[in-house]
Amino acid sequence: MSARTAIVTGGGSGIGGAISQRLAADGALVAVFDLSGDAAKAAAASIEKAGGKAIGIPVDVTDRAGIDAGIDEVLARLGPPTILVNNAGLTVEDKFLETTAEAWHRMLAVNLTGTFDCCQAVLPHMIENGWGRIINISSSSVYGPPPGLAGYVAAKSGVVGLSKVLALEFARYGVTVNTIPPGFIDTPMLRDTVQRGFIDVDQQIEKTPVGRIGRPEDIAAACAFLASDEAGYITGQSLGINGGRVI
Ligand code: NAP
């Protein structure tokens, strides 16, 4: 992966942070995009401290102009991005009949339209290089949706559909597009959900055949594989990382 440039959205926390670290450890030059500029810069600084190369840029994935400006900065400082991990995400549980239009649109904007915009902005660089890897972080809830997550599950299902179509459209340019649906990974997002009483950790561990909560590094390992040269014949697929759960 040396000398390849990767962008990881939402890379300032949780799963995105672990993916950024792992890609950098594997030799990629990593641009950490995050809503919080401080979190993006802290993640990049910790990668550099460990001997990797990274920059942190404040980018809100719901702002297309901001995405384009972020990519211009990546081009200038790290070269053309050929690995893109769309990881930035937001989940809010809501009773369907009480969901406001604003909450619905926000859920789609961060999880789905943000993925669309980042793919559209980065793909030309992949095509020009004749090589690219897009990994979209979806959710295991797409395959076994719990009640109370209509907006989130709709948005993440859209990510899966979008990825399958992009896989077909860009395979001829050496670009693969796959999704990773994580299940039950110990991150600030999951801890917030537990705190709001939506998830019970012990119950979830009981339902997980490997008998533990997932770690961000579990997702990062799968992501590093899908981003590698070796994974060039894998596209349009979904690689579930969930400790063996079926729901
Ligand atoms: P996390 O710790 O909350 O990390 C998400 C990151 O995305 C945060 O740094 C957040 O920034 C950033 N972000 C949110 N909105 C953004 C925006 N508009 N633009 C740019 N960055 C934004 O959550 P996580 O658990 O690591 O989740 C990572 C991905 O995995 C998400 O797509 C999530 O849906 C998916 N996922 C997680 C699990 C799980 O069990 N943890 C399960 C299924 C799917 P702020 O902190 O500043 O808001």
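Residues numbered from 1 in each chain as written. Predicted model: local features only at pLDDT ≥ 70, side-chain atom pairs only at ≥ 80, totals over all residues. Heavy atoms only, no water.

In the nomenclature of an unreviewed UniProt entry, the chain corresponds to Short-chain dehydrogenase/reductase SDR from the organism Pseudofrankia inefficax. In its Sequence similarities (unreviewed entry) section, the UniProt entry covering the chain states "Belongs to the short-chain dehydrogenases/reductases (SDR) family." (UniProt positions renumbered as here; feature names shortened; annotations may be inferred.)

### Focus on empty space enclosed by the protein
Considering all chains together, one arrives at one cavity of 30 Å³ or more under this definition. Estimates place the volume of the largest cavity at around 40 Å³. Lining the largest cavity we find T9, V61, N86, N87, A88, V110, G114 and T115. In terms of residues, the lining of the largest cavity owes the most to one element, helix 4 (residues 101-129), which gives three residues. (1 Å grid on protein atoms, 1.4 Å probe; cavity = no way out; pocket = protein on both sides within 12 Å on 5 of 7 lines; lining within 4 Å. Points joined across faces, edges and corners; volume = space filled by probe spheres on them. Helix = DSSP H or I, 4+ residues; strand = E, 2+ residues; numbered from the N terminus.)

### A few points about the site of the ligand
Around the ligand sit 26 residues, and of these S13, D34, Y152, I185 and T187 come closest. Residue V61 places a main-chain N or O atom 2.9 Å away from a nitrogen atom belonging to the ligand. N87 is positioned such that a nitrogen or oxygen atom in its backbone is 2.8 Å from an oxygen atom of the ligand. In isolation the ligand offers 890 Å² of accessible surface; the protein chains occlude 87% of this area. Only helix 1 (14-25), helix 5 (150-170) and helix 6 (188-195) provide two or more residues apiece to the shell around the ligand. Counting residues per element, the shell around the ligand draws most heavily on helix 6, which supplies three residues. (Near = heavy atom within 4 Å. Polar contact = N/O pair within 3.5 Å; in protein donor to acceptor, adjacent residues only side chain to side chain. Areas by Shrake-Rupley, 256 points an atom, 1.4 Å probe, with all protein chains shown as cover.)

### Looking at unusual backbone geometry
Phi at F184 is positive, roughly 60 degrees, even though this residue is not glycine. Position of F184 relative to the elements: it lies in the loop between strand 6 (175-180) and helix 6. The exposure class assigned to F184 is buried, which follows from its relative accessible area of 11%. (Buried < 20%, exposed > 50% of the residue type's maximum accessible area, 1.4 Å probe, protein only.)

### Section: the sheet that holds strand 3 (residues 53-58)
Read across the sheet, six strands follow the order 3-2-1-4-5-6 without closing on themselves; strand pairing throughout is parallel. Looking at which strands have only one partner, the edges of the open sheet turn out to be strand 3 and strand 6. Direction aside, the axes of adjacent strands within the sheet are offset by 15 degrees on average. (Pairing = 2+ DSSP bridges. Axes fitted to C-alpha atoms, helices over the stretch in contact; angles between N-to-C directions.)

### Considering the packing of helix 1 against helix 8 (residues 216-226)
Relative to each other, helix 1 and helix 8 sit at 50 degrees, their axes nearing to 8 Å. Judged on the interaxial angle alone, helix 8 and helix 1 are oblique. Like other packed secondary-structure pairs, helix 1 and helix 8 cross with a definite hand, here right-handed. On helix 8, the residues that touch G14, I15, A18, I19, R22 and L23 of helix 1 are P216, E217, I219, A220, A221, C223 and A224. (Parallel < 35°, antiparallel > 145°, perpendicular 65-115°, else oblique. Left-handed = near helix turned anticlockwise from the far one by under 90°. Contact = heavy atoms within 4.5 Å.)

### Re the packing of aromatic side chains
Here the structure, examined in full by the defined rule, presents one aromatic pair. The cationic tip of R4 hangs over the ring face of W131; the distance from NZ or CZ to the ring centre is 3.5 Å. (Phe/Tyr/Trp six-rings, centres within 6.5 Å; stacked < 30°, edge-to-face > 60°. Lys NZ or Arg CZ within 6 Å of the ring centre and 35° of its normal.)

### Describing the pairing of strand 6
The buried fraction of strand 6 is high, at six of six residues. After leaving strand 5 (residues 132-137), the chain enters helix 5 and then returns to the sheet as strand 6, a path that is right-handed. (Right-handed = clockwise from strand over helix to strand, strands pointing away.)

### What to know about the pattern of salt bridges
Note that side chains of opposite charge can pair when their charged atoms are close. The tally for this structure, following the rule as stated, stands at nine salt bridges. Residue R64 is joined to D68 by a salt bridge in which the shortest nitrogen-to-oxygen separation is 3.1 Å. Highlighted residues: R64 and D68, both in helix 3 (residues 64-78), separated by four residues, approximately one helical turn. Overall, the relative accessible area of 26% leaves R64 in the partly exposed class. Residue D218 pairs with R212 through a salt bridge whose shortest N-O separation is 2.9 Å. Residue D218 is classed as partly exposed on the basis of its relative accessible area, which comes to 22%. (Salt bridge = Lys/Arg side-chain N within 4 Å of Asp/Glu carboxyl O.)

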